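# Secondary and tertiary structure notes
Read off the chains here:
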Amino acid sequence: MNDPLSRSAVLAGAQCVRRLWLEAHATNPTGHPEARRVRRDQGRRVEALAQEKFPGGIAISWGPEAAAQTAAAMADPATQTVYKGVFDTGDIRVRVDIMRRRADGWELVDVRSGLKVKRGNLVDIGLQIAVLGALDIRVVDAHVAHLRRGAKAGAIHPDTHLRVVRVTDRVIPFVIPDTAPWRAVLSLEDEPAIEPGVQCGVPWRCPYLSHCGPSASSPHASPPAGAREAADRGEDWFGRDLLAVVPQGPVHSLDFEAFQPSLPEHPDIVPFDAVPFLWVIRTTGEPLSTSFLGVEPDPRRAFTESLLAALADDLPILVWSDYESKTLGRMAKLFPDLGPAIHDVRERIFDLHAPVRSGFWSAALGGMYSVKAVAGAFDRDFSYRDLAIRNGRDAALLALGIRRGLVSEDVRADLVAYCDRDVVAVQVIHEGLLKVLQAPAQGD
Ligand code: SF4
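### Things to note about the site of the ligand
- Surrounding the ligand, one finds 13 residues, the nearest of these being Cys-16, Arg-19, Cys-200, Cys-206 and Cys-212.
- Only α2 (17-25) and α8 (209-212) provide two or more residues apiece to the shell around the ligand.
- Of the residues in the shell around the ligand, the class split is 9 nonpolar, 2 polar and 2 charged.

What follows is the structure, given as structure tokens:
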């Protein structure tokens, strides 16, 4: 007898069997294992808030008897509400956040850490209702409880921080699949050879996109008009406008990391406010980087002051996106006394991303203009593969995890190493552009 497939496995299989296989065999090949623990903790905090909104339920603990305990609780007419009930058809097993008894059946409440109902949520609820239907449990109403946009800073309460949206008429019906072909894929030793395509973004963006590589339908996979001749010759293309604006001479290269706590511990932080906690700077000609890392509930003031001190010269500051400048703009509003110094720093920031995106093309980009992809196009040995943390989302979760005591303090060094690699990527791109600028002179 096969183990039942979980709700997440069924949803992964419905998107793409390669994703199903990857989740079962490789976890997320680009993800940090401890980040998952923090993500689950984030979810549990929102679930606890939703349970306050619908109090008095029976909580089902995860374990081999969970499905039997759920069935027993629901068979008891005295039970009005069940939290985290487990429902098992023998082939598929789902866990439902909240079930509430009604005179004519059951109401399902799906709890989400986001700020709105997404199409994927409606597919997920459709699956849960299909499994419940297979067990003769009638769902007569469905809701999503999600975090409320614009909740104020301060004490967290279900009435101020949660929004409950009725979605009964919007649920996307889910047909329970024949899982035999999926089980055959799961038993493969090697990853199935499924090419990226439209399935990668439907009904949600697949987390394995960077692993599988770009889709041939990516808008940047083909060269733009001005780059076609160079592309035909197998060469990279550099537009004149790009080369004209590249800063020459010594520069700082800078990158920030921030976390966005959905339910902040600090009373002055609004839910989902981006809280910068880490910066790294590298300077032309200097072998070592400088950095600041603060994971206490509100590191914003120390972050900003230390950054201003580190940039107290007049060198241009290279970044990759407008994120750093926008973040500093928010810090200037938060700390008006630092406003003039922040203004001076923002005036020196040069965002390489926009001119590179319109003025550079290489087949090695694979249609992507992330800092990782562009640095990799300039230096084929450049990579994040040796790092414990390889994406900003994990970095943000792990910083939250340190301050909540969920992950080891050793992760601090991994966080700095990740941010530093982003800064090195900016340096690699800048140095690559400078070499192109110098190339004609060398040929004279
Ligand atoms: S990125 Fe696309 S091809 Fe790769 S696992 Fe996800 S859906 Fe499948």
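### Observations regarding the domain arrangement of the protein chain
- Domain annotation of the protein chain identifies domain 1 (5-186) and domain 2 (225-443).
- Put simply, the middle of domain 1 and the middle of domain 2, counted by C-alpha atoms, are 37 Å apart.
- Facing the 21 residues of domain 1 at the interface are 21 residues of domain 2.
- Split into classes, the residues belonging to the side of domain 1 that touches domain 2 amount to 8 nonpolar, 7 polar and 6 charged.

### Topic: the environment of Gly-226
- Mapped onto the secondary structure, Gly-226 falls in the loop between α8 and α9 (228-232).
- A residue is classified by how many C-beta atoms lie within 10 Å of it, and Gly-226, with 13 of them, is partly exposed.
- For the pair Gly-226 and Phe-360, spaced 134 residues apart in the sequence, the C-alpha separation amounts to 9.9 Å.
- Once you skip the residues sitting within four places of it in the chain, Gly-226 turns out to touch Trp-237 and Gly-239.

### Describing the packing of helix α3 (residues 33-53) against helix α16 (residues 392-403)
- The contact between α3 and α16 brings their axes to 9 Å, and the two run at 65°. Taken as axis vectors, α3 and α16 run roughly perpendicular relative to one another. Every pair of crossing elements has a handedness; the one defined by α3 and α16 is left-handed. In contact with Glu-34, Ala-35, Arg-37, Val-38 and Arg-39 of α3, α16 contributes Asp-394, Leu-397, Leu-398, Leu-400 and Gly-401.
- By residue class, the composition of the contact of α3 with α16 is 5 nonpolar, 1 polar and 4 charged.

### Topic: helix α15 (residues 371-378)
- Across the 8 residues that make up α15, a large majority, 6, are buried.
- For α15, the set of buried residues is Val-371, Val-374, Ala-375, Gly-376, Ala-377 and Phe-378.

### Digging into the nonpolar core
- Core analysis: the largest hydrophobic core is formed by 60 residues, its most contacted members being Trp-279, Leu-398, Ala-399, Leu-415, Val-426 and Ile-429.
- If one sorts the elements of this core by residue count, helix α17 (residues 411-443) sits on top with 11 residues.
- Excluding anything up to four places from it in sequence, Ile-429 contacts Leu-352, Val-356, Val-374, Ala-375 and Phe-378.
- Listed in part, the 42 residues of the second largest apolar core include Trp-21, Leu-22, Ile-92 and Phe-174.

Each value, and the rule that gives it
- Residues numbered from 1 in each chain as written.
- Predicted model: local features only at pLDDT ≥ 70, side-chain atom pairs only at ≥ 80, totals over all residues.
- Near = placed C-beta within 6 Å.
- Helix = DSSP H or I, 4+ residues; strand = E, 2+ residues; numbered from the N terminus.
- Nonpolar A, V, L, I, M, F, W, Y, C, P; charged D, E, K, R; others polar.
- Domains from an automatic or database assignment.
- Contact = placed C-beta atoms within 7 Å.
- Buried ≥ 20, exposed ≤ 12 C-beta atoms within 10 Å, placed from the backbone.
- Axes fitted to C-alpha atoms, helices over the stretch in contact; angles between N-to-C directions.
- Parallel < 35°, antiparallel > 145°, perpendicular 65-115°, else oblique.
- Left-handed = near helix turned anticlockwise from the far one by under 90°.
- Core = buried A, V, L, I, M, F, W, Y, C linked by C-beta atoms within 7 Å.

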